[in-house]
Amino acid sequence: MARPLRYEAAGAIYHVMARGDGGRQVFETDRDRLDALQRLEEVCGSYGWRIHAWVLMGNHFHLLLETPEPNLVKGMKWWLGVFSQGWNRRRKRRGHVFQGRYKSVVVNGEGSGMYFRIVADYIHLNPVRSGWVGGTTGKTLRSYRWSSFPQYLSKGRAGWLETSKVLGAFELEEGRRGAAAYGRYLESRARDREGALSDESLKELRRGWYFGDESFGKKVVAAVKGKLPKKRASVSGAVVRAHDEVEATKLLKQLLKELGLPQGRVALSGRGKWQREKALTCWVVRRHTGVSNAWLAERLSMGHVSSVTRALRRVRESKVLTKEAKRLERMLEI
């Protein structure tokens, strides 16, 4: 099975989350929660991580973390591994505690801090979305202990929790006054449960592999480009797919121009149109990138993915078409 490639960089910021295996409860007792936080403190000490926001829920957790060194993978392996060993040992069981691999979304922490601010809000308001506090419960957001939010308002916060960047994203100074203003803002959002759920940006945060503007996404893809191994089958993942799609889009434009086809999905639509040219395009793009047949079917307006499969077979089984495809490769110097 392919090994998903993680984006790692010095100073990178991530929204990291993982759920219990099969949706099971992970943080069942205070012992579980305290152990997770103790191990998190240890991994911050060993790997230099900076935690900007965190929350432990029943069957999952969220972190907003920064890695001064490119060591997300090693640190997460240690943290989840040690915690899982203790969790299993207390229950005299074996097996996975978390479901599959954790999810990590690269966050744009530059500029105005808008994306950073949204992720911090998302994490701190998790107990509201679960209906545990806020809304009509009569409980304040601060009353939920297992989150970094109460520590923002307390003098006795953990040494590994960094509050200055979140407060700075709201143009608030670190200190009692800034923290109090942040507290009032979040408590206000918590009282209106619908408001805590309404951000359109949350859809992008849940769905994507990075959270930022388009230029930030391109920057991440460019950074990953030089890290891809020669054997592409050995890696997978959203970052690699994004890189492949960028490269495929460039190549697609060159091929369409060379073959005299129009640019754009609407202009390319039409049953039976340009079958030969589209087949050649599919063959060359698949040879030089890792995009899927479904991606090609959509971009070339070929309908069902099986149309791409047939087109590739047509070129592969025709000496004339294979020769033509290789001529295109030479002309485009690929």
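Coordinates for the structure precede this section.
Bear in mind that the values here come from a model prediction, so they are computed numbers and not experimental data. Residue positions within a chain follow its written sequence, with the count starting from 1. Given that the model is predicted, a residue must reach a pLDDT of at least 70 before its local features are reported, and side-chain atom pairs must reach 80 or more before they are shown or counted; all residues, however, enter totals for whole chains, interfaces and linings. Side-chain figures throughout are based on the complete set of non-hydrogen atoms in the structure, without hydrogens or water.

Undergrad: In this structure, what is going on with the side chain of Thr67? I would like to understand it.
TA: The helix count covers DSSP runs of H or I at least four residues long, the strand count covers runs of E at least two residues long, and both are numbered beginning at the N terminus. Within the fold, Thr67 resides in strand 4 (residues 60-67). A distance of 3.4 Å separates a polar side-chain atom of Thr67 from the backbone oxygen of Ala9. Thr67 has contacts with Ala9, Ala10, Gly11, Ala12, Tyr14, Trp49 and Leu72, leaving out every residue within four places of it along the chain. Polar contact is the term for a pair of N or O atoms within 3.5 Å; when the atoms are in protein, one must be able to donate a hydrogen and the other to accept it, and sequence-neighboring residues count only if both atoms are side-chain atoms. By definition in these notes, contact holds between two residues if any of their heavy atoms fall within 4.5 Å.

Undergrad: Mind showing me how you'd approach the environment of Gln263 here?
TA: With respect to the helices, strands and loops of the structure, Gln263 is situated in the loop between helix 11 (238-259) and helix 12 (265-268). Whether a residue is buried, partly exposed or exposed follows from its accessible area with a 1.4 Å probe, protein chains only, as a fraction of its type maximum: under 20%, in between, or over 50%, in that order. In this structure Gln263 comes out as partly exposed when scored by relative accessible area, which is 43%. Sequence-distant contacts of Gln263, defined by excluding residues within four places in its chain, comprise Lys253, Leu256 and Lys257. Within the structure, the side chain of Gln263 is placed 3.1 Å from the backbone oxygen of Lys253, a separation counted as a polar contact.

Undergrad: Explain the packing of aromatic side chains here, please?
TA: The geometry of two aromatic rings is summed up by the distance between their centres and the angle between their planes. What counts as a ring pair is set by centres within 6.5 Å for rings of Phe, Tyr and Trp (its six-membered ring), and what kind of pair is set by the plane angle: stacked under 30 degrees, edge-to-face over 60, tilted for all other angles. Tallying each qualifying case throughout the model produces 13 aromatic pairs. The interplanar angle of 75° and the centroid separation of 5.0 Å between the aromatic rings of Phe61 and Trp79 together place this pair among those described as edge-to-face. Of this pair, Phe61 sits in strand 4 while Trp79 is found in helix 2 (residues 72-91), placing the two residues 18 residues apart along the sequence. With centroids separated by 5.7 Å and ring planes inclined at 90°, the aromatic side chains of Phe61 and Phe98 adopt a geometry described as edge-to-face. Residue Phe61 is located in strand 4, and its partner Phe98 is located in the loop between helix 2 and strand 5 (103-107); the two are separated by 37 residues in the primary sequence. Taking relative accessible area as the criterion, Phe61 reaches 0% and is therefore assigned buried. Given the relative accessible area of 8%, Phe98 is considered buried. Members of the aromatic cluster, connected to one another through ring pairs, are Phe27, Phe61, Trp79, Phe83 and Phe98. The criterion is that NZ of a Lys, or CZ of an Arg, lies within 6 Å of the ring centre and within 35 degrees of the ring normal, and then a charge sits over that ring. Taking NZ or CZ as reference, Arg91 lies 3.9 Å from the ring centre of Trp87, over its face. Geometry around Phe116 places Lys165 over its ring, the cationic atom sitting 5.6 Å from the centre.

Undergrad: Help me out: how do you make sense of the pairing of strand 4 in this one?
TA: Two faces make up the sheet, and in a regular strand the side chains alternate between them. Of all 8 residues that make up strand 4, 8 are buried, and the element is covered over most of its length. Of the two faces of strand 4, the one carrying His60, His62, Leu64 and Glu66 and the one carrying Phe61, Leu63, Leu65 and Thr67 are both buried. We treat two strands as partners when DSSP finds at least two bridges between them. Two elements, strand 2 (residues 12-19) and strand 4, share 8 bridges in a ladder whose sense is antiparallel. What sits directly across from Val16, in strand 4, is Leu63. Relative to strand 4, strand 3 (residues 50-56) runs antiparallel, the two sharing 6 bridges. By the bridge assignment, Trp54 is partnered in strand 4 with Leu63. Count of turn residues in the strand 3/strand 4 antiparallel hairpin: 3 residues.

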